[in-house]
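Each chain is listed here by its residues.
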Amino acid sequence: MATTDRQATTLALAHALSAAERGLAVIPLSRSKLPALRSPHRDDPAPSPCHGACGRLGHGVYDASSDPDRIRELFAAAPWATGYGIACGLPPHHLIGLDLDVKTGTDSSAALRELALRHLFTIPPTVVVVTPSGGRHLWLSGPPEVVVPNSAGRLAPGIDIRGAGGYLVGPGSRTGQGVYAAAPGTAHLAPAPCPRSLLRLLLPPPPRAHHAAPAAAGAHVQGLVQFVLAAHEGQRNTRLFWAACRAYEDGIGPALVAPLVDAALHTGLSEREARTTIASAARMTGHRP
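The rules behind the values
Residues numbered from 1 in each chain as written. Predicted model: local features only at pLDDT ≥ 70, side-chain atom pairs only at ≥ 80, totals over all residues. Heavy atoms only, no water. Pairing = 2+ DSSP bridges. Helix = DSSP H or I, 4+ residues; strand = E, 2+ residues; numbered from the N terminus. Axes fitted to C-alpha atoms, helices over the stretch in contact; angles between N-to-C directions. Contact = heavy atoms within 4.5 Å. Buried < 20%, exposed > 50% of the residue type's maximum accessible area, 1.4 Å probe, protein only. 1 Å grid on protein atoms, 1.4 Å probe; cavity = no way out; pocket = protein on both sides within 12 Å on 5 of 7 lines; lining within 4 Å. Points joined across faces, edges and corners; volume = space filled by probe spheres on them.

A. Seen up close, the sheet that holds strand 2 (residues 83–87). Overall, antiparallel pairing links the three strands, which are arranged 1-2-8 in an open sheet. With one partner strand each, in any of the chains shown, strand 1 (26–29) and strand 8 (167–169) form the two edges of the open sheet. For this sheet, the mean inter-axis angle between neighbouring strands, taken without regard to orientation, is 35 degrees. Here strand 2 runs beside strand 8; their pairing, made up of three bridges, is antiparallel. Bridge assignment links Ala87 to a residue of strand 8, and that residue is Tyr167. Where helix 2 (residues 68–77) meets the sheet, it contacts strand 1 and strand 2, and its direction lies at approximately 15 degrees from that of strand 1.

B. Broad picture of the pairing of strand 2. Within strand 2, five of the five residues are buried, which leaves the element mostly enclosed by the surrounding structure. Neither face of strand 2 is open: one carries Gly83, Gly85 and Ala87, the other Tyr84 and Ile86, and all of them are buried. Pairing between strand 1 and strand 2: four bridges, direction antiparallel. If you follow Ile27 over to strand 2, its bridge partner there is Gly85.

C. Region of the structure containing the layout of surface pockets. The space that makes up the largest pocket amounts to roughly 340 Å³. Considering the residues around the largest pocket, the lining is formed by 17 residues, among which Lys33, Asp99, His137, Arg162 and Tyr180 are closest to the centre. Of all the secondary-structure elements, those providing two or more residues to the lining of the largest pocket are strand 3 (95–100), strand 7 (159–162) and strand 8. Take the lining of the largest pocket: its biggest share by element is three residues, from strand 8.

Structure follows, in structure tokens:
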């Protein structure tokens, strides 16, 4: 291995350990920005989903850790790594990444400003990472009970979202395109809380009820409850949060608490989890739980 590659790996490990001190879970990345460790199941004829339960390394973001010994183990297994990824959606920050791209020919920064004006939010001071192409990654912190999905261009052209199951390339990483670096004056900041209006845009809205009902209000209530009942594992808190937000926005939040809690219990959530999520939705929409 070339001396420059060894230096890049040593620097990447140092940056990764520094990120871990801030509570961020990390994995080693190759110059291609992909996880440096290949899946141990790549040669299985019919691999089943495994998020690390097998005990081996190579499960991408599911290997992410903030434990220094574990991080050193990951980098020791990938001595060709020249960067590190920061897992999103994990405690304590529940990181959400806004990836403002400049390679698509669109002005993603202008698109974000337009969204902010239209939906009345501002991005607070937070960590900003400048990419080798001139794009920016904005780091935000989400509520622990909300699962923000990954998306590409759904929020606006040129804006990708890194949420649960995704990762951001950490500052100090060296890739085939260049080095990622924290924007001046932002490296010391903690990820700022995601504005409420923006958070609602990042989550997929519940579908409208299309079936007939005695009254429009009854159809709407039934649709929100059915939306929660249809949740699969991994969607339950997100669907409940959105249904509760919609209920409070429409002025029927207090009346819908009990039906939503019952629906959440049917999906496998505990009553405490359900009521905590509904209370968070009430606060998010400016209501008292």
